[in-house]
Amino acid sequence: MLSRMGTTIDGHAGQQAVAAMLQFGTDVMFTLNGGHIWPLYDAARDQGMRVVDTRHEQTATFAAEAYAKLTRRPGFAALTAGPGITNGVSAITSAWFNGSPVVVMGGRAPEGRWGSGSLQEMDHVPVVQSITKSAVTVKDANAAAAAVHAAASLSMTPHRGPTFLDFPLDVFGAASGELPAVDECTGKGAAPDDDEVATLANLIANAERPAFIVGSDVYWDGAWDELRAAVEHLRVPCFFNGLGRGTLPARHELSFLRTRGLLKKRADLVVVLGTPLDFRLGFGRFGNAQVAHVVDSTAQRAGHVSVPTVSGDSVLVLRALANHSGPRVDHEDWIAELRAAEERGRASDAELLAADSSPIKPSRIYGELGKRLADDAVVICDGGDFASYAGKFVEVQQPGCWLDTGPYGCLGNGLGYATAARVVRPDSQVVLLLGDGAAGFSLMDVDTLVRHGLPAVMVVGNNGMWGLEKHPMQAIYGWDMACDLQPGCRYDQVVTALGGGGELVTDPSQIGPALDRAFASGVPYLVNIVTDPSDVYPRSSNLA
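This structure is a prediction, so every number in the text was calculated from the model and none was measured.

It is not clear to me how the overall build of the chain should be interpreted in this structure. Could you clarify?
Regarding its fold elements, the chain presents 21 helices and 20 strands. For 544 residues, the compact-globule estimate of 2.2 N^0.38 gives 24 Å, and the chain sits close to it at 24 Å. In terms of principal-axis extent, the alpha carbons of the chain reach across some 70 × 60 × 45 Å. For the chain, restricting intrachain contacts to residue pairs at least 6 apart in sequence, the fraction spanning at least 24 positions comes to 74%. As displayed, the chain has an accessible area near 20,600 Å², and 51% of this comes from carbon and sulfur atoms. Considering the chain, the positive charge centre built from 43 side chains and the negative charge centre built from 60 side chains are found 3 Å apart.

Structure below.
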């Protein structure tokens, strides 16, 4: 039984752990049942924390990450010992690469019998140390609340990321622990160096053709209002990736989606805000343009290129840029050039989005979907080429409405992300875009959506192959291997068998009506669209 005496929790370590998470506003636990973590369920039941159980620990951990992405609070996954934790490792790694604050709590074989061969006896900490900000075993029951508080605080400290704790079964006995208060500065980054900010402001003001690439850390810092003020004041066009999408509405005059290729050809300054200079951004090289970097912590400074860098909270950096009062080169001709190119791209896209050919072009799916998406729709991507088309065509209007896999590129996030999205945003559209390969990783967790009453619209682009591998292998070798899936596989029937709804679409004219039925269904509903296997996504990224 739990009792509170001031900041003291009189209750077992599980009671303390759940109380500590609730302090951060984290009100949902994602899990798969295992005997090693029953005390956490006991605590959730006593303290009113919602428990959502899944069919695979990877789904539970991905759901915890999506909860973090959607709320900007720590996500919480509870995984049983041994295989429960190793099943969650890929999702923990994705959270690490995405800078997502997730607290993973694991069960553990009893400490008092360690080395005797207890069920699922495994030292998890060495396994997850390289993909977490901290990984500890809680051996003092009285310190459980403090340990969880420290892990949650650390997960929220820029640069954000997952933390891990496991609890031996024999730590869950009667205990009394202090529950620290949450510091009001938790989650806020350090103040930037004034000289670094001044240097950046002068670079922008003196550039003739500057551009911002806005990444996820601007969203994590909650800096979208400051972003808008800065770019409107300095008149800087913006491009986006990751959770940066939607921090400035896609319909804003300074938002651009289709013209990033011009940055290498025409920009003289590219300022990358809150995302690594990795393969997605040409490793920080944009033709002859000067590159500057804004990061949320000193640890994120790029080591492979030397560029002017500002380290600190995005809110403070962007606020300072918005207050820049010095002279500035006029950027209107540059903005007009980009806008004209954007409109040409939009006109070209319109043909693709309305393509009436058979087999169905993936672009047509996005043409129909775009007509039906509300501004607050949560769009989730899980896949290769089919999800890449989403990045090309889906326009995001609000912060926190775009959930992709991130730079780690781990498939299987989709059902976990959709589960959390419906929990967190019960009144918004939730749309999961799945490649047919990606569908194989987690489609069984439609059962989770059904059991918990969590409707979502799922769209499978079904080309019967691992397209991201097949087409490049053919181009490089002239042959391919291990790239083919079952043509026309009835993923929709899997969903209906699990208690949801679905249908197969082979005619482009039926895509729109099928999506309408899916949105109106009130159940997890999968629209399985057979697409043209010869369609090749125009990929140009250097992955290595």
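Moving on from the coordinates now.
Explain the packing of helix 14 (residues 362-370) against helix 21 (residues 511-521) here, please?
Packing of helix 14 against helix 21 leaves a shortest axis separation of 9 Å and a crossing angle of 50 degrees. Overall, the two elements helix 14 and helix 21 adopt an arrangement that is oblique. Here helix 14 and helix 21 pass one another in a crossing that is right-handed. Here R364, I365, E368 and L369 of helix 14 lie close against helix 21, whose contacting residues are I511, G512, L515 and F519. Its residues assigned to classes, the contact of helix 14 with helix 21 comprises five nonpolar, one polar and two charged.

Looking at this structure, how should I read unusual backbone geometry?
The omega torsion across P158 and H159 is -5 degrees, close enough to zero to call that bond cis. Take H159: it is sitting in the loop between helix 7 (144-156) and strand 8 (163-168). At the junction of S358 and P359, the peptide bond is cis and its omega measures out at 5 degrees in the coordinates. By secondary structure assignment, the location of P359 is in the loop between helix 13 (332-353) and helix 14. Here the phi dihedral of R235 falls at roughly 55 degrees; this positive angle occurs in a residue that is not glycine. Here R235 shows up in the loop between helix 10 (224-234) and strand 11 (238-240). Overall, the relative accessible area of 14% leaves R235 in the buried class. Despite not being glycine, A482 shows a phi value in the positive range, around 60 degrees.

Can you walk me through the side chain of S134 in this structure?
Within the secondary structure, S134 is located in the loop between helix 6 (125-128) and strand 7 (135-137). On the basis of relative accessibility, which here comes to 19%, the residue S134 falls in the buried class. When residues no more than four places from it in sequence are discounted, the contact partners of S134 are L154, P162, T163 and F164.

Explain the packing of aromatic side chains here, please?
This model, assessed by the stated rule, comprises 13 aromatic pairs. With centroids separated by 5.6 Å and ring planes inclined at 20 degrees, the aromatic side chains of F167 and F172 adopt a geometry described as stacked. Considered together, F167 and F172 belong to a single accessibility category, that of buried residues. When the centroid spacing of 6.0 Å and the interplanar angle of 5 degrees are considered together, the rings of Y389 and F393 count as stacked.

Explain the pairing of strand 20 (residues 525-530) to me, please; I cannot follow it from the model alone.
Moving residue by residue along a regular strand, the side chains alternate between the two faces of the sheet. Most of strand 20 is tucked away: five of the six residues are buried. Where strand 19 (residues 501-505) and strand 20 come together, five bridges link them in parallel fashion. Of the residues in strand 20, the one forming a bridge with V505 is I529.

What am I meant to see in the nonpolar core here?
Within soluble globular proteins, side chains that are nonpolar generally end up buried alongside one another. Judged by nonpolar contacts, the single largest core of 56 residues is most densely connected at F30, I380, L403, L443 and M458. Among the elements that make up this core, the one with the highest residue count is helix 3 (residues 57-71) (eight residues). With sequence-adjacent residues up to four places away left out, L443 is seen in contact with L415, L434, Y491, V494, V495, L498 and L526. The next biggest cluster of nonpolar side chains, apart from the first, holds 32 residues, and it includes A20, V103, A145 and V148.

What am I meant to see in the sheet that holds strand 7 here?
Strand pairing in a sheet is mediated by backbone hydrogen bonds. Such pairs are either parallel or antiparallel. With parallel pairing, the six strands of this open sheet are ordered in space as 4-3-5-6-8-7. Because the sheet does not close on itself, it has two edges, and the strands there are strand 4 (50-53) and strand 7. Between one strand and the next, the sheet's axes are offset by a mean angle of 20 degrees, whatever the strand orientation. Sheet topology note: the strand 3 (residues 28-31)/strand 5 (residues 75-79) ladder contains two bridges and is parallel. By the bridge assignment, F30 is partnered in strand 5 with A77. The sheet contacts of helix 7 involve strand 6 (102-108) and strand 8, and relative to strand 8 the element is tilted by about 165 degrees.

Please clarify how the pattern of salt bridges should be interpreted in this entry.
Pairs may arise between side chains of opposite charge once their charged atoms sit close together. As enumerated under the stated definition, the model contains 36 salt bridges in all. Linking R258 and E342 is a salt bridge whose minimum nitrogen-to-oxygen distance equals 3.1 Å. Of this pair, R258 sits in the loop between strand 11 and helix 11 (261-266) while E342 sits in helix 13, placing them 84 residues apart in sequence.

Mind showing me how you'd approach the sheet that holds strand 20 here?
Read across the open sheet, the six strands follow the order 16-15-17-18-20-19; overall the sheet is parallel. Of all strands in the sheet, those bounded by a partner on one side alone are strand 16 (402-403) and strand 19. Along the sheet, helix 21 contacts strand 17 (430-435), strand 18 (457-462), strand 19 and strand 20; its crossing angle with strand 20, the most-contacted strand, is approximately 165 degrees.

The rules behind the values
Residues numbered from 1 in each chain as written. Predicted model: local features only at pLDDT ≥ 70, side-chain atom pairs only at ≥ 80, totals over all residues. Heavy atoms only, no water. Helix = DSSP H or I, 4+ residues; strand = E, 2+ residues; numbered from the N terminus. Rg over C-alpha atoms; globule rule 2.2 N^0.38 Å. Contact = heavy atoms within 4.5 Å. Areas by Shrake-Rupley, 256 points an atom, 1.4 Å probe, with all protein chains shown as cover. Lys, Arg positive; Asp, Glu negative; His and termini not counted. Charge placed at Lys NZ, Arg CZ, Asp CG, Glu CD. Axes fitted to C-alpha atoms, helices over the stretch in contact; angles between N-to-C directions. Parallel < 35°, antiparallel > 145°, perpendicular 65-115°, else oblique. Left-handed = near helix turned anticlockwise from the far one by under 90°. Nonpolar A, V, L, I, M, F, W, Y, C, P; charged D, E, K, R; others polar. Buried < 20%, exposed > 50% of the residue type's maximum accessible area, 1.4 Å probe, protein only. Phe/Tyr/Trp six-rings, centres within 6.5 Å; stacked < 30°, edge-to-face > 60°. Pairing = 2+ DSSP bridges. Core = buried A, V, L, I, M, F, W, Y, C linked by side-chain atoms within 4.5 Å. Salt bridge = Lys/Arg side-chain N within 4 Å of Asp/Glu carboxyl O.

In short, the description is geometric, and any link to function would need to be established separately.
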